[in-house]
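Chain residues, written in single-letter form:
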2 protein chains.
Amino acid sequence: MDNFTFHNPARIHFGRGQISQLANEITPDMRVLITYGGGSIKTNGVLDQVKAALKDVTVFEFGGIEPNPHYETLQKAIEVVKAEKIDFLLAVGGGSVIDGTKFIAAGAKYQGDTWDIIESRGGVVTDAIPLGCVLTLAATGSEMNSTSVVTRAETQDKLFFSSSHVFPLFSVLDPETTYTLPPRQTANGVVDAYVHTLEQYITYPVNAKVQDALAEGLLNTLKEEGPKVLENPTDYDARANIMWAATMALNGLLSTGTPGDWATHLIGQEITGLYGLDHGQTLAIVMPAVWKYRKAAKQAKLVQYAAAVWNITEGSADSIADQAITATENFFEQMGIKTRLADYGLGAEIIPAVTAKLEEHGHVALGEHGDITPKEVAELLELAL
Amino acid sequence: MDNFTFHNPARIHFGRGQISQLANEITPDMRVLITYGGGSIKTNGVLDQVKAALKDVTVFEFGGIEPNPHYETLQKAIEVVKAEKIDFLLAVGGGSVIDGTKFIAAGAKYQGDTWDIIESRGGVVTDAIPLGCVLTLAATGSEMNSTSVVTRAETQDKLFFSSSHVFPLFSVLDPETTYTLPPRQTANGVVDAYVHTLEQYITYPVNAKVQDALAEGLLNTLKEEGPKVLENPTDYDARANIMWAATMALNGLLSTGTPGDWATHLIGQEITGLYGLDHGQTLAIVMPAVWKYRKAAKQAKLVQYAAAVWNITEGSADSIADQAITATENFFEQMGIKTRLADYGLGAEIIPAVTAKLEEHGHVALGEHGDITPKEVAELLELAL
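Here the residue numbering is sequential within each chain, running from 1 through the sequence in written order. Numbering of ligands from 1 and lettering of chains from A proceed in the order in which they are written. pLDDT decides what is reported in this predicted model: residues at 70 or higher carry local features, side-chain atom pairs at 80 or more are listed and counted, and totals for whole chains, interfaces and linings draw on all residues regardless. Derived side-chain values reflect all non-hydrogen atoms in the structure, with water molecules and hydrogen atoms excluded from consideration.

A. The arrangement of the relation of the copies chain A and chain B in detail. Least squares is the method for superposing the copies, and the C-alpha atoms it fits come from residues with pLDDT of at least 70 in both. Take chain A, turn it by 180 degrees, move it 0.0 Å along the axis, and it overlays chain B with an RMSD of 0.0 Å. Between the two chains, the operation in question is that of a two-fold axis. Residue Pro9 of chain A of chain A places its C-alpha closer to the rotation axis than any other residue of that unit, at 2.1 Å.

B. Structural context of the interface of chain A and chain B. In what follows, residue pairs with any heavy atoms lying within 4.5 Å of each other are defined as contacts. Contacts between chain A and chain B engage 40 residues on the former and 40 residues on the latter. Whenever a carboxyl oxygen of Asp or Glu lies within 4 Å of a side-chain nitrogen of Lys or Arg, that contact is scored as a salt bridge. Between the two partners, chain A and chain B, sit four salt bridges. In this structure, the salt-bridge partner of Lys209 of chain B is Glu224 of chain A, at a minimum N-O distance of 2.7 Å. Counting of polar contacts relies on pairs of N or O atoms within 3.5 Å, with two restrictions inside protein: one atom must be capable of donating a hydrogen and the other of accepting it, and residues adjacent in sequence are counted only when both atoms are side-chain atoms. For the interface between chain A and chain B, the tally reads 22 residue pairs in polar contact (both at pLDDT 80 or more).

C. Quick peek at the packing of helix α10 (residues 263-275) of chain A against helix α11 (residues 279-293) of chain A. Residue and element names in this part refer to chain A. For helices, the axis comes from a line fit to the C-alpha atoms of the stretch in contact; other axes are also lines fit to C-alpha atoms, and the angle between any two N-to-C directions lies between 0 and 180 degrees. A helix here means a DSSP run of H or I that spans at least four residues, while a strand means a run of E at least two residues long, and both kinds are numbered starting from the N terminus. Packing of α10 against α11 brings their axes to within 8 Å, and their N-to-C directions diverge by 135 degrees. One element, α10, and the other, α11, form an angle in the oblique class. In the packing of α10 onto α11, the handedness of the crossing is right-handed. Counting all contacts with α10, which are made through Thr264, His265, Ile267, Gly268, Ile271 and Thr272, the residues of α11 involved are His279, Thr282, Leu283, Val286, Met287 and Val290. Considering only residue class, the contact of α10 with α11 consists of six nonpolar, six polar and no charged. Angular relationships are summarised with four words: roughly parallel below 35 degrees, roughly antiparallel beyond 145, roughly perpendicular across 65 to 115, and oblique for the angles in between. By definition, turning the near helix anticlockwise from the far helix through less than a right angle yields a left-handed crossing, and turning it clockwise yields a right-handed one. The residue classification treats Ala, Val, Leu, Ile, Met, Phe, Trp, Tyr, Cys and Pro as nonpolar and Asp, Glu, Lys and Arg as charged. All others, Gly included, are polar.

D. Examining unusual backbone geometry more closely. Residues and elements named next belong to chain B. Not every positive phi belongs to a glycine, and Asn68 is a case in point at roughly 50 degrees. Position of Asn68 relative to the elements: it lies in the loop between β3 (58-62) and α4 (71-83). Look at Asn311: it is not a glycine, yet its phi comes out positive at around 55 degrees. Secondary-structure assignment places Asn311 in the loop between α12 (299-310) and α13 (317-334).

E. Molecular detail of the side chain of Thr186 of chain B. Positionally, Thr186 of chain B belongs in helix α7 (residues 183-199). Take Thr186 of chain B: its relative accessible area is 4%, and that puts it in the buried class. Relative accessibility thresholds used throughout: buried, under 20% of the residue-type maximum; exposed, over 50%; partly exposed, between the two (1.4 Å probe, protein chains only).

F. Geometry of the pairing of strand β4 (residues 88-93) of chain A. Residue and element names in this part refer to chain A. Counting buried residues along β4, six of its six residues qualify, which places the element largely inside the surrounding structure. As paired strands, strand β2 (residues 31-35) and β4 are joined by four bridges and run parallel to one another. Among the inter-strand pairings, Leu33 is bridged to a residue of β4, identified as Leu89. For β4 and strand β5 (residues 131-135), the ladder comprises five bridges, and the chain directions are parallel. Paired with Val92 across the strands is Val134, a residue of β5. Note: two strands are recorded as paired if DSSP finds a minimum of 2 bridges between them.

G. Looking closely at the sheet that holds strand β8 (residues 170-173) of chain B. Read from one edge to the other, the open sheet built from 12 strands follows the order β3(A)-β2(A)-β4(A)-β5(A)-β8(A)-β1(A)-β1(B)-β8(B)-β5(B)-β4(B)-β2(B)-β3(B), with strand pairing classed as mixed. Edge strands, defined here as strands with exactly one partner in the open sheet, are β3 (58-62) of chain A together with β3 of chain B. For this sheet the average axis-to-axis angle between neighbouring strands, irrespective of direction, equals 25 degrees. Looking at chain direction, strand β1 (residues 4-14) of chain B and β8 of chain B are connected through four bridges and run parallel.

H. Expanded view of the domain arrangement of chain A. Residue and element names in this part refer to chain A. Under the domain assignment used here, chain A contains domain 1 (11-177) and domain 2 (183-384). The straight-line distance from the C-alpha centre of domain 1 to that of domain 2 is 26 Å. On the side of domain 2, 27 residues touch domain 1, which itself brings 27 residues to the contact. For domain 1, the biggest contributors to the area lost against domain 2 are Gln156, Lys158 and Pro175; these three give 25% of the whole. Among the ionic pairs, Asp157 bridges to Lys357, the shortest N-O distance being 2.9 Å. In this assembly, domain 1 and domain 2 are joined by nine residue pairs in polar contact (both at pLDDT 80 or more). Elements with a contribution of two residues or more to the side of domain 1 that touches domain 2: β1 (4-14) and β7 (157-162). If you tally residues by element for the side of domain 1 that touches domain 2, the top one is β7, at four residues. Domain boundaries shown here were taken from an automatic or database domain assignment. Once two parts are brought into contact, the accessible area they lose, counted with a 1.4 Å probe and summed over both, makes up the buried area.

Now the structure itself:
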């Protein structure tokens, strides 16, 4: 196990009816901006629950934060925060709303061009408006970490920043808020959480038994419960297990003392930035290709994964690794997320644009060994056609 | 899964050499009291490392905190804190030193009889001196939770309190500090962490898949690594896996949305209070007896445990539960911790004293169903003779 520092101060309120906890978390003297996305929280009753809990609080609203939240939109929110003297941000939505709200929180306190926050990967952030979350989509884990991914639509840049100043003070996770999600969003969320786990697990062994067991537990949970909620969207237990698994997949515990890959995410982000594919779709395309390309280096963990999650133990190590990759592709397809670029009308012609964006963003040494350069990305994307 | 609130703000610095992080956590303007136990930190080099990291800080020392820390000893430390105007407490030791330091932290700020802190289970605590830890024994999990167990020697009372005010701000976990532990302390620690996990796992199913998988991962880790460190005390990987498993076993994650038993701990604490057995010894005696006594109510989880940890799947559910209990007893014995009262020279004569203490302390409805009264405790202890 490698050395590590772990710190996660976010308070989680989990379960049915927990939106009422907002009345304890937010005091009447605060001026609160509720941030949200396309407005589904208005039709599914979540916004009503939020407002009921905050009936004694001065609240403002900022809607329209899009999937892969746009820098341009978030700039407008920052203006509202400043104009209305907002002192607390409440993100009500999924990972995009929460990520966007983290940027608003940091941007509203930053003196200068807020794009610096992204360019510095968060290094320039020294203060932020405090924020909390009401999560309505189990997927990104943003509700319990300090990272945010923002897209600059104008230049097709999708990039992350991290800062301890944008840790949510609290997050409410009520699985019932996810009952009314479209199947595609549910499936994208399950695939996202599954791939977050794999990014921190399919690397090379460092004899971190607790972390490995947790990763395998999250993967098994998502694999078993994912298909259930596509079948029955109001299966509370399955929604609850998925929601907690997705949060646990990216709250820092899996990465304690272990290497991380993250090539899939960094490549996938460029594809979303350039061509608008859903985040989950890009992960389902890229991860199998990364594994095929780095099968030898990842063999030991692929074999461990094959046994622990798919009960695959027969054959040579190379064959077991192949079977594990196929099982993973089949799972993504079972969730309704296609795993080839061609499924989305894209082909080899996109490869130069993707590698150029990676170079532009300085992402030129990807993977747990830092040995995937843009040249290797070009080669591995050939395996995803 | 049941509703829950989870919050754990403790920062963990884990690994070789991490004691040097104290220089970042504690600033030169602080007046620090280092608390410790019998003095092993002076011979194994840990105190030297601590002092080197704090060379620019004003430090005081308070040693002699005993196993099952005595209220009477801690009162003396509180006087030192007040006299020397201490503004930070650094616990250097195992669970007893950390638990004792939590009591010192709360007691130094409490206006009144500090035994109120115990009597109220922490309810009267509204402030505490901030504290950090350098852990030297993997066992209790106290380094990443807000609970403390204190013993009043005069009246043979061993009781716990909890308060968010005594959460460690940080804890340093360097597995190398555990290399020189006597085998009995190492074994007690492994058994303690193993039983902490079981208290939160062998109850009844609530379909909490992530929590169950984490519990099974911790149990498998402790079961596999425990015997290794008895064989080779300087096996870094095994020490590291045990240390992180012990912390994860009682940092609140296992109890998210799940029932807890804790009958074994509450009964065991009375036995320690009255007869001075090691904490780990009492757990190894009591838990198998609780399981035998409540085998039917715990059958589903015993069967799940049997398969996940001991690979036992053959036979009726009742037989599998029996086999799981036997496997657990064998594991404790393999670690060198005896599992019968008779092994410690105690017999049925202690039962009335134990049940009288439970009644005196108001612990009259134990277990995940609250259905183990002192009468049931008397019956189940007959199974531990």
